[in-house]
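Observations on chain architecture
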Amino acid sequence: MLVAERLKKIKEILLQKKHVDVATLAESLNVSEVTIRRDLDRLESEGFLIKTYGGAILKEEASKILSPIVEEDSEKESIAKVCSYMIEDNQAIILTGGNICRLVPKHIKEKKNITVVTNDLILALECIKYSIQTIVTGGYVVGNTFMLAGPILVNPNLDIFADKAFIEVDGVSLERGFTVNNMDLANAYRYFKSIAKETIVVADSSKFDKISLFQTAKVDEIKKVISDTNVPDKYKSFFFENGIEIFCSFDLSDLEREV
């Protein structure tokens, strides 16, 4: 097991149990106690834990920071899982701010060599919790959303490219396309679309037939949409007729069979 994978496992165990002992960790991870002590030294230097005689305890501050409030419900969870099945090992992906995208990191924690680019501070903390390589964009914090936006984010001089961009939106309309509530976020998401090989829109069914203030993409500019089972039939028909793939939570078993 590589060092990064081992540190990730130790973090996960500590977050769950709050305390660990060297002997148990060495046995479960199949390494020597000397190796585990070195790992604990490293995690202590990061401020993640406090070493004790024969083991370690999770630092209270780390527990609070690495356990941000993330809204969960069954529909959003299913959409996040569908997103995770589209992410492959060795990919750089963009996950924008939003309650669905914040659920994705825990579903990709076992994938190898993933880099996440995000403008969402809570999502970044979720990635850190699961030891996922993370790049946080610049910008100002939009209200109380924990999302970053603004001119500093959209920088054409940065040579950043991603395999996939998952863009969570506030509104989906056949007339106005995919929309969000903030102009700078709309600009940021258009920028993300321009630097990704593939752009995938994420929205639960409550966002359909809603129009927010600012357009991120016209409806025919996106070729993949992820939602839940309650998407209105007129959208399913339109997407089918225009070569736009829509993946809903009922597709999850099919996706599982493919991977």
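Above this text you will find the structure in question.
Residues numbered from 1 in each chain as written. Predicted model: local features only at pLDDT ≥ 70, side-chain atom pairs only at ≥ 80, totals over all residues. Heavy atoms only, no water.

**Observations concerning the layout of surface pockets**
Formally: Put plainly, a pocket is an open set of points on a 1 Å grid over the protein atoms alone with protein on both sides within 12 Å along at least five of seven lines, a cavity is a set where a 1.4 Å probe fits but cannot get out, and a lining residue has an atom within 4 Å of a point. Grid points are joined across faces, edges and corners, and a volume is the space filled by probe spheres set on the points. Think of it this way: any DSSP run of H or I at least four residues long counts as a helix, any run of E at least two long counts as a strand, and we number them from the N terminus. Side-chain classes follow a simple rule in which Ala, Val, Leu, Ile, Met, Phe, Trp, Tyr, Cys and Pro form the nonpolar group, Asp, Glu, Lys and Arg form the charged group, and the remainder, Gly included, forms the polar group.
Here the largest pocket defines a volume of roughly 410 Å³. Looking at the largest pocket, it is lined by 16 residues, and the ones nearest its centre are Glu 5, Lys 8, Lys 111, Lys 112 and Asn 113. No other element matches helix 1 (residues 3-17), which puts four residues into the lining of the largest pocket. When its residues are assigned to classes, the lining of the largest pocket shows six nonpolar, three polar and seven charged. Quantified by volume, the second largest pocket comes out at close to 270 Å³. Gly 97, Gly 98, Met 147, Glu 168 and Asp 170 are, among the 18 residues lining the second largest pocket, the residues nearest its centre.

**Details of the nonpolar core**
Going by this rule: The definition of a nonpolar core used throughout is a set of buried Ala, Val, Leu, Ile, Met, Phe, Trp, Tyr and Cys residues joined through side-chain atoms within 4.5 Å. Buried means the residue's accessible area, taken with a 1.4 Å probe over protein chains only, is under 20% of the maximum for its type, while exposed means over 50%, and partly exposed covers the values in between.
Of all hydrophobic cores here, the largest spans 33 residues; its most connected members are Val 169, Phe 178, Tyr 189, Phe 192, Phe 208 and Val 225. Counting residues per element, this core draws most heavily on helix 7 (residues 183-194), at six residues. Core analysis: the second largest hydrophobic core is formed by 24 residues, Ala 80, Val 82, Ile 87 and Cys 101 among them.

**Let's talk about the packing of helix 2 (residues 22-29) against helix 3 (residues 33-45)**
Helix packing geometry: the angle between the two helix axes and the distance between the axes. Definition in use: Lines fitted to C-alpha atoms define the axes, with helix axes restricted to the stretch in contact, and inter-axis angles between N-to-C directions lie between 0 and 180 degrees. Throughout, the term roughly parallel applies to angles under 35 degrees, roughly antiparallel to angles over 145, roughly perpendicular to angles from 65 to 115, and oblique to all others. Should the near helix be turned anticlockwise from the far one by less than a right angle, the crossing is termed left-handed; should it be turned clockwise, right-handed. By the convention used here, residues are in contact when the closest approach between their heavy atoms is within 4.5 Å.
In the contact formed by helix 2 and helix 3, the axes pass within 9 Å of each other and the chain directions differ by 110°. As far as their axial angle goes, helix 3 and helix 2 are roughly perpendicular. As helix 2 packs across helix 3, the resulting crossing turns out to be right-handed. Counted together, Val 22, Ala 23, Leu 25, Ala 26 and Leu 29 of helix 2 and Glu 33, Ile 36, Arg 37 and Leu 40 of helix 3 form the full contact between these two elements. Its residues assigned to classes, the contact of helix 2 with helix 3 shows seven nonpolar, no polar and two charged.

**What about the pairing of strand 3 (residues 55-58)?**
Our working rule: By this definition, two strands are paired if DSSP reports at least two bridges between them.
Alignment of strand 1 (residues 19-21) against strand 3, held across three bridges, turns out to be antiparallel. Opposite Val 20, over in strand 3, you have Ala 56 as the bridge partner. Sheet topology places strand 2 (residues 49-52) next to strand 3; four bridges connect them, and they run antiparallel. Bridge assignment links Thr 52 to a residue of strand 3, and that residue is Gly 55. Adjacent in sequence and paired antiparallel, strand 2 and strand 3 are bridged by two residues, among which Gly 54 carries a positive phi angle near 85°.

**Observations concerning the sheet that holds strand 2**
Taken in spatial order, the three strands make up an open sheet running 1-3-2, and their pairing is antiparallel. Two strands in the sheet have a free side with no partner beyond their single neighbour: strand 1 and strand 2. Direction aside, neighbouring strands of the sheet carry axes that sit 20° apart on average. Across the sheet, helix 2 touches strand 1 and strand 3, and the angle it forms with strand 1 is around 75°. Relative to strand 2, helix 3 is tilted by about 140°, and along the sheet it contacts strand 2 and strand 3.

**Considering the side chain of Thr 134**
For clarity, the cut-off: What qualifies as a polar contact is a pair of N or O atoms within 3.5 Å, subject to a donor-acceptor requirement within protein and to the restriction that residues adjacent in sequence count only when both atoms come from side chains.
Take Thr 134: it is sitting in strand 6 (residues 133-136). Within the structure, Thr 134 has its side chain in polar contact with the backbone oxygen of Ile 132 (distance 2.7 Å). In this view, Thr 134 contacts Val 116, Thr 118, Ala 124, Cys 127 and Ile 128; residues no more than four positions away in its chain are not counted.

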